[in-house]
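Results of the structural survey
What follows is the residue order along each chain.
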Amino acid sequence: MGRMEQRHPGREIRKITFLTGHAWKSRRLGGFHKFAEEACRQGAETVFFSFPRPYYACFMHQELYNAKAIRALQKGVSYTVHGSPLHNVTLATLKVPNFCRRFLSDGMMNRLERFSFTPFRHFAHKWLDGTDIFVFESADGIIFIDRLKKLYPQAKFVYRPSDPLMYDGALSRYVTNELHVMEAADLNIIVNEEGLALYRRKIPGFDEHIRWKLLSNGVDIISYTKTYPVPELLAGRTTVLYVGAWAVEWELLYRAADELPDCGFVVVCPNYPDGATLKEARRHTNLHYVPGIAPEEVPAWITNCTAVMVPYVTDFYKDRPLGITAKYYQAMAAKKPIVAYCDTPRLKDAGVAVTYTYEDFIAAVKEAVQQKECSYSFDLAGRDWDDVTQRFMQLLKEL
């Protein structure tokens, strides 16, 4: 799908700051990466404000949470993207783990999360001055909206919740914080009908009081129609692949690996399982865990597996209005058979095998790996990232 070259009318945007849980260079690709790329392509200076990065995370050894990564982002890492500057920065704070809410109030949890030994005003003047539009992800960075509105009264504020925080069963602090950012934002960009329905159910008078637009997630359609060298782990065998950031139902995969010994089950996820889970996974010679891959490698993995699986934790989908997510778009574009476990029943309408018991999942996998390819009754037209990101930028300009 070709890129439209003409510039859209509207206010010129010179600088955009994205508040996101992602780092610019990581094994996770979020929509904010695509929006930031488009902002740079259109000539805007861009800041990727990665938050949270708590001080205690300096003692962790995960991809995003480790001393080396946090120190680098505190200093700021600058890139040139499509000819424009992009700065990836963070503000380390005294954020404490959520279990501390047992003896701390929501207000105190928020205050600790905002407190840094680097004064916020100094951080903001160094990196955020000149920002025309602040765009918040559905992550902890939303707690800065009041401070930013006070520092930058001429700026516009946009909230884009890809994963709503006020899902059923969510912590009260996140419900309150999300409601506040939605009321304060100049625009809320909601990614699917499920999220819209949740907000209408949770927020009285939603349509009267909340300024919103609907804009889907996207997919690089052409990337999933090309041919790539086969990743070594997928070569020479039948493989069932998960690539994603949400946790999986490991007990299901242990059983599937035992009952389908001729299939290789591969989980690619940057969120490390605990030691006991990894130890048990290694007992199954046809079950493999990969701690994330570079985003540019994802098409090669998706297009070279036999089938794609999305084995979420049991009943996970009931609380979270994820809808049909981008990982399904990728597999559909690649025409791969897909087997889901505990996800939205809407997938059935698109032709995806959605299962809710271990037995049905295993039976569906057994059938899926016999298929060469699969077509779906789900329209990807208009969901190509080129189109989505340009519509996103146009929404910002119209502010």
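For the structure, check the block above.
Here goes a summary of the coordinates provided.

A few points about the overall build of the protein
Looking only at helices and strands, one finds 16 helices and 14 strands in the protein. Over its C-alpha atoms the protein spans a radius of gyration of 21 Å, differing by no more than 12% from the 21 Å that the globule rule assigns to 399 residues. Here the C-alpha coordinates of the protein stretch approximately 60 × 55 × 45 Å along the principal axes. A total of 399 residues make up the protein; the buried ones form 56% of that total. Taking as baseline every contact in the protein between residues at least 6 positions apart, the subset at least 24 positions apart corresponds to 72%. If you sum the accessible surface of the protein, you get close to 17,900 Å²; carbon and sulfur atoms cover 52% of it. Side-chain charges of the protein comprise 50 positive and 46 negative groups, with the mean position of each set lying 6 Å from the other.

Considerations on helix 10 (residues 275-282)
Every buried residue of helix 10 is listed here: T277, L278 and A281. The buried side chains of helix 10 occupy one side of the element, clustering within an arc of 95° when seen end-on. For helix 10, the exposed residues set more than 90 degrees away from the buried face come down to G275, A276 and K279. On its buried face, helix 10 sits against helix 9 (250-259) and strand 11 (287-290). Sitting at the head of helix 10, D274 places a side-chain oxygen 3.2 Å from the backbone nitrogen of A276.

Quick look at the packing of aromatic side chains
Following the criterion strictly, the structure yields 28 aromatic pairs and no others. Between the aromatic rings of F120 and F123, the centroid separation amounts to 6.1 Å while the plane-to-plane angle is 40°, which identifies the pairing as tilted. Here F123 and F120 lie together in helix 4 (residues 120-127), a separation of three residues that amounts to about one turn. Residue classification places F120 among the buried residues on the basis of a relative accessible area of 8%. Centroid distance F134 to F157: 5.2 Å. Interplanar angle 10°. Geometry classified as stacked. With F134 in strand 5 (residues 133-137) and F157 in strand 6 (residues 156-160), this pair connects stretches of sequence that are 23 residues apart. The burial state of F134 is the same as that of F157; both residues are buried. Grouping aromatic residues by their ring pairs yields a cluster made of F18, W24, F32, F35, F48, W385 and F392. Over the face of the ring belonging to Y167 we find R320, whose NZ or CZ atom lies 3.9 Å from the ring centre.

Notes on a nonpolar patch on the surface
The grouping of L94, F115 and F117 at the surface amounts to a nonpolar patch, some 300 Å² of accessible area in total. Examined against the element boundaries, L94 turns out to sit in the loop between strand 4 (84-89) and helix 3 (106-114). In this structure L94 comes out as partly exposed when scored by relative accessible area, which is 30%.

Quick look at the packing of helix 1 (residues 31-41) against helix 16 (residues 385-397)
Look at helix 1 against helix 16: their axes get within 9 Å of each other, and the N-to-C directions meet at 70°. Taken together, the axis directions place helix 1 and helix 16 in an arrangement best described as roughly perpendicular. With respect to the hand of their crossing, helix 1 and helix 16 are arranged in right-handed fashion. Here G31, K34, F35, E38 and A39 of helix 1 come into contact with helix 16, specifically with W385, V388, T389, Q390, F392 and M393. Residues belonging to the contact of helix 1 with helix 16 are distributed by class as follows: six nonpolar, three polar and two charged.

Quick notes on the environment of L86
Its location among the elements puts L86 in strand 4. A relative accessible area of 0% means that L86 is categorised as buried. Distance from L86 to V47, taken between C-alpha atoms, is 5.6 Å for residues 39 residues apart in sequence.

Some words on helix 3
Restricting attention to buried positions, one finds in helix 3 the residues M109, N110 and E113. Looking straight down helix 3, one finds that the buried residues subtend no more than 95° of arc, so they occupy a single side. In this structure, the buried side of helix 3 is in contact with helix 6 (172-184).

Quick word on the sheet that holds strand 3 (residues 77-81)
Within the open sheet, the eight strands sit side by side as 3-4-2-1-5-6-7-8. Their pairing is mixed. Each edge of the sheet is formed by a strand with only one pairing partner; in this case those strands are strand 3 and strand 8 (212-214). Strand-to-strand twist of the sheet, defined as the mean angle between neighbouring strand axes without regard to direction, takes the value 20°. When strand 6 meets strand 7 (residues 187-190), the two strands line up parallel, connected through two bridges. Across the sheet, Y159 pairs through a bridge with N188, a residue of strand 7.

Quick notes on the side chain of N88
Along the chain, N88 turns up in strand 4. Polar contacts involving the side chain of N88 include one to the main-chain amide nitrogen of W24, which spans 2.8 Å. There is a polar contact of 2.9 Å between the side chain of N88 and the side chain of S50. Ignoring sequence-local partners within four residues, the contact set of N88 consists of A23, W24, K25, F48, S50, L73, G76, V77 and Y79.

Conventions and cut-offs
- Residues numbered from 1 in each chain as written.
- Predicted model: local features only at pLDDT ≥ 70, side-chain atom pairs only at ≥ 80, totals over all residues.
- Heavy atoms only, no water.
- Helix = DSSP H or I, 4+ residues; strand = E, 2+ residues; numbered from the N terminus.
- Rg over C-alpha atoms; globule rule 2.2 N^0.38 Å.
- Buried < 20%, exposed > 50% of the residue type's maximum accessible area, 1.4 Å probe, protein only.
- Contact = heavy atoms within 4.5 Å.
- Areas by Shrake-Rupley, 256 points an atom, 1.4 Å probe, with all protein chains shown as cover.
- Lys, Arg positive; Asp, Glu negative; His and termini not counted.
- Charge placed at Lys NZ, Arg CZ, Asp CG, Glu CD.
- Arc of directions from axis to C-beta.
- Polar contact = N/O pair within 3.5 Å; in protein donor to acceptor, adjacent residues only side chain to side chain.
- Phe/Tyr/Trp six-rings, centres within 6.5 Å; stacked < 30°, edge-to-face > 60°.
- Lys NZ or Arg CZ within 6 Å of the ring centre and 35° of its normal.
- Patch = residues over 30% accessible without salt bridge, like charges linked within 9 Å, V, L, I, M, F, W, Y side chains within 5 Å.
- Salt bridge = Lys/Arg side-chain N within 4 Å of Asp/Glu carboxyl O.
- Axes fitted to C-alpha atoms, helices over the stretch in contact; angles between N-to-C directions.
- Parallel < 35°, antiparallel > 145°, perpendicular 65-115°, else oblique.
- Left-handed = near helix turned anticlockwise from the far one by under 90°.
- Nonpolar A, V, L, I, M, F, W, Y, C, P; charged D, E, K, R; others polar.
- Pairing = 2+ DSSP bridges.

Any functional reading would require information that these geometric values do not contain.
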